[in-house]
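As a plain string of letters, each chain reads:
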Amino acid sequence: MKKYCIILWILFLILIAIRILLKVPYWFVLSIETCALAVVLLIKAGMPSKKYVLLSVIFAVLSTAAYLGYQKNPWILLYGLSAGIPTLLCSFAVFSVMEKRGEFALVSSKGKCQLVITILISIAVGAVLSVINFFLSGREASFDFSFWKLLLCLNPAIYEEMACRAIFMAFCIWFAGDEMNLFQKFTMYFMMCVPHTVVHGYPLVQTIVLCILFGLPFTILQKKRDITSAMLSHGIVDAVRFVVMGV
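Rules used in this analysis
Residues numbered from 1 in each chain as written. Predicted model: local features only at pLDDT ≥ 70, side-chain atom pairs only at ≥ 80, totals over all residues. Heavy atoms only, no water. Helix = DSSP H or I, 4+ residues; strand = E, 2+ residues; numbered from the N terminus. Rg over C-alpha atoms; globule rule 2.2 N^0.38 Å. Buried < 20%, exposed > 50% of the residue type's maximum accessible area, 1.4 Å probe, protein only. Contact = heavy atoms within 4.5 Å. Lys, Arg positive; Asp, Glu negative; His and termini not counted. Charge placed at Lys NZ, Arg CZ, Asp CG, Glu CD. Phe/Tyr/Trp six-rings, centres within 6.5 Å; stacked < 30°, edge-to-face > 60°.

So, the overall build of the protein chain
Thinking step 1. Along its length, the protein chain carries ten helices and zero strands.
Thinking step 2. Seen in sequence order, the protein chain has helices and strands lined up from the N terminus as α-α-α-α-α-α-α-α-α-α.
Thinking step 3. Relative to the 2.2 N^0.38 estimate, which gives 18 Å for 247 residues, the radius of gyration of the protein chain is 17 Å and therefore close to what a compact globule would have.
Thinking step 4. For the protein chain, the spread of C-alpha atoms along the principal axes amounts to about 50 × 50 × 35 Å.
Thinking step 5. For the protein chain, buried positions account for 49% of its 247 residues.
Thinking step 6. Summarising the internal contacts of the protein chain: among those between residues at least 6 apart in sequence, 81% fall at separations of at least 24.
Thinking step 7. Across the protein chain, 20 positive and 11 negative side-chain charges occur, with their mean positions spaced 4 Å apart.

The following block contains the structure:
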């Protein structure tokens, strides 16, 4: 068993133990863990190119500013840094591995019009998952559109996809070497899918359902298509949720 797999499973068990035994913010714990993974990757792989440094900064700013959609108070931006800082570090690390290993992409380049295809796939997946999310919620529809709700959905679309999911993919790909065995692939997909779902704080059965219905599709999109498709579809699901069911 590769050492990096052992490290990831230990971090996951720590996350579970803290959730069970201590009353602390689970999101904060996951962010600390993924920031640590990002720092390790940056030490090993170095920084990405300038354009991806700039994009990482933009992602960090947007994931921080998104909290204004929750509370229109500039002071909320200080709390927003709890998403902005992990987003910055993890984006640096993810893009660095992407440039050096090329086993995943921000936008797929396998053929013509790939950005358009990514957008269409994102809309389709986002629409299906939005319908599922609505019926699972058991709430009545109450349409209330606003710019602030769209701003808020940037947080899950960027922060959760980069700092809670893609960082695990980058970490596994960097340390796996040329080829992953079955257990290494399982570890990668598990870490991309489960920890992010666990920190939502739902009971076990509900966590498993949400992991299968939402976490797994976003994970597959990231690895098999591109990161943008996961970000867009995740953003669509939350945008529909905030507009139709409230924040």
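What about the packing of aromatic side chains?
Thinking step 1. Taken as a whole, this structure holds 15 aromatic pairs when the rule is applied.
Thinking step 2. Ring centres of Trp27 and Tyr159 lie 6.2 Å apart, and the angle between their planes is 50 degrees; on these two criteria the pair is classed as tilted. Of this pair, Trp27 sits in helix α2 (residues 26-45) while Tyr159 sits in helix α7 (residues 154-176), and the two are 132 residues apart along the sequence.
Thinking step 3. Accessibility expressed as a relative area gives 5% for Tyr159, which makes it buried.
Thinking step 4. On the basis of an interplanar angle of 45 degrees and a centroid distance of 6.1 Å, the ring pair of Phe59 and Phe95 is categorised as tilted. Of this pair, Phe59 sits in helix α3 (residues 50-65) while Phe95 sits in helix α4 (residues 76-101), placing them 36 residues apart in sequence.

Focus on the environment of Met47
Thinking step 1. Mapped onto the secondary structure, Met47 falls in the loop between α2 and α3.
Thinking step 2. Along the chain, Met47 and Val240 lie 193 residues apart, while their C-alpha atoms are 36 Å from each other.
Thinking step 3. Those residues within four positions of Met47 in sequence are excluded, and the remaining contacts are Leu42, Val53, Phe92, Ser96 and Lys100.

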